[in-house]
Amino acid sequence: MDTNRTLTGRRALVTGGARGIGAAIARRLAADGACVVIADLDVEEGRRLAADIGAAAVQLDVTELLQVGEVIDSHGPFDILVNNAGMDQHAFFTQTTADDWRRLLAVNLESVFATTHAVLPHMQGAGYGRIINIASEAGRLGSRGGAVYAAAKGGVIAFTRSIARENGRKGITANVVAPGPIDTPMLREAVARGGERLMGTMTGATLAGRLGTPDEVAAATAFLASDAAGFITGEILGVSGGMGCGA
Ligand code: NDP
């Protein structure tokens, strides 16, 4: 999938776009010609990246539902929505608390409701839209030590397919990208806490036997955002070295 400015004239919102996978997606969509808005908690990092790639950056906590609407009203309308902001937690379920559940669901799932709710009226009016939700292979395989995270990502998958069903005849596609272990700050922080054995477990779970790169997730996302993917909706595209093979 070569960069060939397939997204010229499109306006894209990338949540959590300041670092990791989101930063690679923002960079790739901008390279493909989209006008990109990076929305992240860390607006300084977002601004640095935006200056580098010719994008805009705005501070947004995706769990603040009113703020989500305001940002989309003031920086939209958007043709492409990439829900990428997320957080994980490595703990066995019995060690988690109700506060953990609420936070994980708010960041990984409720935020997707809020952004989608805010962008859909414009997309429906325009008869065009691309919604790409970055879930996780954990959302279809489950996760030992990440039950609530996996449940939230499973919710993202079911939600995405429902949005695809409701909007299929309105020119709007909604798809999931499901990464496996990808070399990002989030993964490095988990390995720092869990030790090198965790790294071995993660790479061993892929058929490829390695971590993926943020650029590999970005390439899949850019394809789903393009006109070429107009007949693909309600799908889960694993970018996981074959981890989800058969799921
Ligand atoms: P990172 O933590 O490296 O980057 C996530 C970005 O999202 C950060 O810039 C972070 O800001 C931002 N963010 C977090 N919470 C919020 C919030 N409430 N509002 C706005 N922005 C927020 O994560 P990755 O790049 O690794 O992950 C990106 C997505 O991919 C996530 O949805 C994750 O669940 C998913 N994923 C990642 C995998 C991996 O192996 N890396 C595997 C499977 C799925 P800040 O730095 O300020 O916290």
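Note that the structure is a prediction, hence the values are computed from the model and not measured. (Residues numbered from 1 in each chain as written. Predicted model: local features only at pLDDT ≥ 70, side-chain atom pairs only at ≥ 80, totals over all residues. Heavy atoms only, no water.)

A.B. asks: Explain the side chain of Glu137 here, please?
C.D. replies: By secondary structure assignment, the location of Glu137 is in the loop between β5 (129-134) and α5 (138-141). According to the relative accessible area criterion, Glu137 is buried, its value standing at 1%. In contact with Glu137, other than residues within four places in its own chain, are Gly142, Ala178, Pro179, Gly180, Gly238, Ser240, Met243 and Gly244. (Helix = DSSP H or I, 4+ residues; strand = E, 2+ residues; numbered from the N terminus. Buried < 20%, exposed > 50% of the residue type's maximum accessible area, 1.4 Å probe, protein only. Contact = heavy atoms within 4.5 Å.)

A.B. asks: Explain the packing of aromatic side chains here, please?
C.D. replies: Per the stated rule, a full pass over the model turns up two aromatic pairs. Their ring planes at 15 degrees and their centres at 5.6 Å tell us that Phe93 and Trp101 sit as a pair that is stacked. Looking at Phe93, the relative accessible area reads 44%, which means it is partly exposed. The ring centre of Tyr128 lies 3.6 Å from the NZ or CZ of Arg10, which sits over that ring. (Phe/Tyr/Trp six-rings, centres within 6.5 Å; stacked < 30°, edge-to-face > 60°. Lys NZ or Arg CZ within 6 Å of the ring centre and 35° of its normal.)

A.B. asks: Which parts of the structure should I look at to understand helix α8 (residues 196-204)?
C.D. replies: Every α-helix carries 3.6 residues per turn, so stepping three or four residues along brings you back to the same face. For α8, the complete set of buried residues consists of Met199, Met202 and Thr203. End-on, the buried residues of α8 take up no more than an arc of 90 degrees, which puts them together on one face. Turned more than 90 degrees away from the buried face of α8, the exposed residues are Arg197, Thr201 and Gly204. At its buried positions, α8 is contacted by α7 (185-194). (Arc of directions from axis to C-beta.)

A.B. asks: Before we go on, may I ask you to explain the site of the ligand in this structure?
C.D. replies: Around the ligand sit 26 residues in total, of which Arg19, Asp40, Asn84, Tyr149 and Thr184 are the nearest. Note that an oxygen atom of the ligand is positioned 2.9 Å from one of the side-chain N or O atoms of Lys153. In this structure, Ile182 approaches the ligand through a main-chain N or O atom, which is 2.8 Å from an oxygen atom. In the complex, 90% of the free accessible area of the ligand, which totals 890 Å², lies under the protein chains. Ranked by residues supplied to the shell around the ligand, first place goes to α7 with three residues. Broken down by class, the residue content of the shell around the ligand amounts to 14 nonpolar, seven polar and five charged. (Near = heavy atom within 4 Å. Polar contact = N/O pair within 3.5 Å; in protein donor to acceptor, adjacent residues only side chain to side chain. Areas by Shrake-Rupley, 256 points an atom, 1.4 Å probe, with all protein chains shown as cover. Nonpolar A, V, L, I, M, F, W, Y, C, P; charged D, E, K, R; others polar.)

A.B. asks: Hey, could you run me through helix α4 (residues 98-126) in this one?
C.D. replies: An ideal rise of 1.5 Å per residue puts 42 Å on 29 residues; α4 measures up with 41 Å between its terminal C-alpha atoms. The sharpest bend along α4 comes to roughly 45 degrees, located at Ala106. In the segment just after α4, Gly127 is the residue with positive phi, at about 70 degrees. (Expected span 1.5 Å × (residues − 1). Bend = angle between axes of the 7 residues up to and from the residue.)

A.B. asks: Looking at this model, I keep getting lost on the sheet that holds strand β3 (residues 56-59). Mind explaining?
C.D. replies: Across a sheet, strands are paired by hydrogen bonds formed along the backbone, either parallel or antiparallel in direction. With parallel pairing, seven strands are arranged side by side in an open sheet as β3-β2-β1-β4-β5-β6-β7. Looking at strand neighbours, the two that pair on one side only are β3 and β7 (236-239), the edges of this open sheet. Strand after strand, the sheet turns through a mean of 20 degrees between neighbouring axes, direction not considered. Those strands touched by helix α1 (residues 20-31) are β1 (11-15), β2 (35-40), β4 (80-83), β5 and β6 (172-179), and its axis lies near 170 degrees from that of β1. Contacts from helix α9 (residues 214-225) reach β4, β5, β6 and β7 within the one sheet, and its direction differs from that of β6 by about 170 degrees. (Pairing = 2+ DSSP bridges. Axes fitted to C-alpha atoms, helices over the stretch in contact; angles between N-to-C directions.)

A.B. asks: Sorry if this is basic, but what is going on with the pairing of β1 here?
C.D. replies: Looking down a regular strand, the side chains alternate between one sheet face and the other. With respect to burial, β1 is a largely interior element, four of its five residues being buried. Relative to β2, β1 runs parallel, the two sharing five bridges. When the sheet's bridge partners are listed, Leu13 is paired in β2 with Val37. Traced from β1 through α1 to β2, the parallel crossover comes out right-handed. In terms of strand pairing, β1 meets β4 through three bridges, oriented parallel. Looking at the pairing, Ala12 lines up with Ile80 of β4. (Right-handed = clockwise from strand over helix to strand, strands pointing away.)

A.B. asks: Sorry, what's going on with a nonpolar patch on the surface here?
C.D. replies: Side chains of Phe93, Trp101 and Leu105 sit close together on the surface and give an oily, nonpolar patch of about 270 Å² of accessible area. Residue placement: Leu105 occurs in helix α4. (Patch = residues over 30% accessible without salt bridge, like charges linked within 9 Å, V, L, I, M, F, W, Y side chains within 5 Å. Salt bridge = Lys/Arg side-chain N within 4 Å of Asp/Glu carboxyl O.)

A.B. asks: Would you mind going over the pattern of salt bridges with me for this structure?
C.D. replies: Between side chains of opposite charge, a pair can form as their charged atoms come close. If you walk through the whole model with that rule in mind, you get ten salt bridges. The salt bridge partner of Glu45 is Arg48, with a shortest N-O separation of 2.8 Å. With Glu45 and Arg48 both in helix α2 (residues 43-53) and three residues apart, the pair spans about one turn of that helix. A relative accessible area of 52% places Arg48 in the exposed class.

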